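Architecture and fold: a report
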Amino acid sequence: MHNYVLKNGFVVDTVNLTKAKKDVLIRDGMVAEVGENLSADETIDCTGMLISPGLIDIHTHLREPGFEHKETIETATKAAAAGGFTTIYAMPNTEPPCDDETMATFIKKRAESVGLVNVEPVGCISQGRKGEFLAEMGGLAKAGVVMVTDDGSPVASANLMLLALKYSKAFGLLVADHCEDKSLSGKGVCNEGYHSTLYGLHPSPKSAEETMVARDLILAHEADSRIHIQHVSTNWSLELIKQSKGLGTKVTCEVTPHHLTMTDEMLGSYDPNCKVNPPLRTKEDVEALRQGLIDGSIDCIATDHAPHAREDKEVEIDIAPPGITGLETAIGQLFTELVHTNIISVEVLLSKMTTGPATVMGIEVPEIKTGKKADITIINPEKEWTVDPKEFYSLGKNTPLAGKKMKGKVFATIVSGKVVYKDGKIG
Amino acid sequence: MGLKRKDLLGLKDMSREEIGLILDSAESFKELLGREIKKAPVLRGKTVVNLFMEPSTRTRTSFELAAKTLSANVINISASTSAVQKGECLKDTVLTLTALGADYIVIRTGMCGAPHFMSTFFDGHVLNAGDGINEHPTQALLDMYTIKERTGSIEGKKVLILGDVRHSRVARSNIFGLLKMGAEVGVCGPPTLLLKDIEQLGVKVHHNLDEALPQYDIVNVLRIQLERQKQGLFATSHEYYEHYGLTNSRLEKNPHLIVMHPGPMNRGIEIDPAVAESDKATITTQVTNGVAVRMAVLYLLLGGESNA
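Reading the values: rules and limits
- Residues numbered from 1 in each chain as written.
- Chains lettered and ligands numbered in written order.
- Predicted model: local features only at pLDDT ≥ 70, side-chain atom pairs only at ≥ 80, totals over all residues.
- Helix = DSSP H or I, 4+ residues; strand = E, 2+ residues; numbered from the N terminus.
- Expected span 1.5 Å × (residues − 1).
- Buried ≥ 20, exposed ≤ 12 C-beta atoms within 10 Å, placed from the backbone.
- Contact = placed C-beta atoms within 7 Å.
- Nonpolar A, V, L, I, M, F, W, Y, C, P; charged D, E, K, R; others polar.
- Pairing = 2+ DSSP bridges.
- Axes fitted to C-alpha atoms, helices over the stretch in contact; angles between N-to-C directions.
- Parallel < 35°, antiparallel > 145°, perpendicular 65-115°, else oblique.
- Left-handed = near helix turned anticlockwise from the far one by under 90°.

A look at helix α5 (residues 137-151) of chain B
Residue and element names in this part refer to chain B. Between its terminal C-alpha atoms α5 stretches 21 Å, which fits the 21 Å expected from 15 residues at 1.5 Å a residue. Buried residues dominate α5, accounting for 12 of its 15 residues. Looking only at α5, the buried set comprises P137, T138, Q139, A140, L141, L142, D143, M144, Y145, T146, I147 and K148. Phi turns positive, to about 95 degrees, at G152, one or two residues after α5.

Laid out in structure tokens, this is it:
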């Protein structure tokens, strides 16, 4: 299909937050025309569908190299395609970690040969993610990396963080942080509060996240550097970020679909699939995060797709690794819980998965316009379906949403004009 | 008449009627334990496995005696002498025990919610004998039985739970059980040893023991692990004893008090030996009652098919 038209869909303008019924003509991997009554050799009927610029996920765990039993670049990009993501950023907590030019180049090359969607490697802040010495950020940047983080192993030393925030500027890199003071979170499994007390689960206080958010904001301000706060999960973290934005600190932040839609009440099942880091928080936090998405204080949505093997998760919750596999449920969950409930408009939601992440990463904002690359996600907002992890393309079946009824599903995903996923099928 | 549930996972999800049924049934089993020939054929042909991942004297022995008195085959497994040492996961351990014909698995574990996890793939009866910091339902049941036996009823009694409530499965099960049975419950300890939002469970919170004690009929003293001091949760054991120890002078000022302790005790750290051995204390009675209560639970679960 080198020449085809997406017919009768609603094209979403994720920059101006509008949508209009238009046809989209795609030729040689590019958007050739957007208009009415377009025709081509082939047609994809998009009646009732939303045609969005391709979704971007800046927080995914592909597990390769080192943990191929959990996920591979190939399976993760299939999952991304099925979930409507045309570009995903791969977290560096692999084995070995992505802390130099060679590793970043390997991931890029590997993704080019086996990946269905665009894969961009994220580098480490410190060598080996050990929090001791700065990683070779110059080399990482040379390999095309735009963001560094020690995700999962937050930089405990304030001094190293300050140095990273300064050093990264030499190479135009964005420093991101998974904010968690491990001396406070300890063995924590459940957000500390009524539910951890009720369920008898080891508590993880909100302060574990909030104190490090505060620290990072202060350090970024001092270094006059950009900082990106990963998976914000509490009301107060968000308040700190808002305050810093007001003071001129160059801070951006992301939120996950699970922190927008689920609470710590779910831990009462003792199901390891509800264990995630940062933990699911309270109803009040969820409300604040939703508000932050609407008022713009949260820049983007990122899945923190964290696949694990069955044997990793089929254990007691205390020893199960944290994480939820998220690429294939994100759109369904967000449409079901936020769009169909009239909490957030389709335009705002999709802008937080396109314009938002692109702006955070400093890359070109995707749009469906003549002459732009045809990275496109087509969503059927009314499609009803039930989550069945067995049907996931991801090797990670770890989701607390198994059996959940959803409304809203990705119909097709197009990368550089190529249809990589359509109507339940890859390729 | 039995419980309409397969497992005893905790008191959080149990009704007042179910708890009442267990306590009532325990009375006849206690009577049986007083006889010369302590044997009933209730569980003849059934296999009870005590799967103990953590050390235990009284709970394991108590479950073993309860099951043997009811004529069950009893097997004791401890983590230190099992394939758990070779890295076998809980699921495989349980599947192995299932293949060997276990009808009941009594589990003691450091992992919160492990009995709930087990119950999703074990068709027999799961009895929680203590899971991490979560629950220890049979301990709370025997504590409530002891209160009822000693004072005539649980309804309206005021019970203070003293000490390391934060890490105590005994405290949590007692709170759930006592509140359901109509008692009033308070907790007392330094804030570092209490739980966030615990008042939302319906308990009163105290930090001053001398002010709290006169307001209660019964004090349940929790064991304080010395490890907690190393974690910085209190300053020194000397200071802990001074402010939160159940000393003889505190008991003399509150002669109406009944003193309970789930054991094992740290004499001179949370409780004065003279208090522990006084006629105000029910500590050894609690141990005896534990066997009767566990017999009742084993018996009453027999008819239960699915979790209510």
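Here the narrative resumes, following the displayed structure.
Quick word on the interface of chain A and chain B
At the junction of the two partners, chain A supplies 16 residues and chain B supplies 21 residues. Considering each element in turn, the side of chain A that touches chain B owes the most residues, 3 residues, to helix α6 (residues 194-199) of chain A. Residues that form the side of chain A that touches chain B fall into these classes: 8 nonpolar, 4 polar and 4 charged.

Some details on the sheet that holds strand β4 (residues 125-131) of chain B
Strands belonging to one sheet form pairs held by backbone hydrogen bonds; the direction of such a pair is parallel or antiparallel. Residues and elements named next belong to chain B. Pairing in this open sheet of 4 strands is parallel, and the strands run β2-β1-β3-β4 from one edge to the other. What marks the edges here is a single partner per strand, and that holds for β2 (73-78) and β4. On average, each strand axis in the sheet is tilted by 15 degrees relative to the strand beside it, whichever way the strands run. Where strand β1 (residues 47-52) and strand β3 (residues 104-109) come together, 5 bridges link them in parallel fashion. In the sheet register, N50 faces β3, and the bridge partner there is V106.

Quick notes on the sheet that holds strand β7 (residues 204-206) of chain B
All names here are of chain B. Spatially, β7-β6-β5-β8-β9 is the arrangement adopted by the 5 strands of the open sheet, whose pairing is parallel. Lying at the two open borders of the sheet, with one neighbouring strand each, are β7 and β9 (258-260). Within the sheet, the average angular offset between the axes of one strand and its neighbour, ignoring direction, is 25 degrees. With 3 bridges connecting them, strand β8 (residues 218-221) and β9 associate as parallel partners. Across the sheet, the residue bridging to I218 is I258, located in β9. Running at roughly 155 degrees to strand β6 (residues 184-188), helix α6 (residues 169-180) makes contact with β5 (158-162), β6 and β8 of the sheet.

Side note on unusual backbone geometry
Residue and element names in this part refer to chain A. The step from E64 to P65 runs through a cis peptide bond, and the omega angle for that step is 5 degrees. Secondary-structure assignment places P65 in the loop between β6 (55-60) and α1 (73-83). Cis geometry is found at the peptide bond from E95 to P96, where omega equals 0 degrees. On the secondary structure map, P96 appears in the loop between β7 (85-90) and α2 (101-114). You will see that D28, though not glycine, has its phi angle at about 50 degrees, which is positive.

Details of the packing of helix α1 (residues 16-33) of chain B against helix α12 (residues 283-301) of chain B
Residues and elements named next belong to chain B. Across the interface, α1 lies against α12 with an axial gap of 7 Å and an inter-helix angle of 120 degrees. Put simply, α1 runs oblique to α12. Like other packed secondary-structure pairs, α1 and α12 cross with a definite hand, here right-handed. Across the interface between the two elements, L21, I22, S25, A26, F29, K30 and L33 of α1 pack against N289, V291, A292, V293, M295, A296, V297, Y299 and L300 of α12. Of the residues that constitute the contact of α1 with α12, the class distribution is 13 nonpolar, 2 polar and 1 charged.

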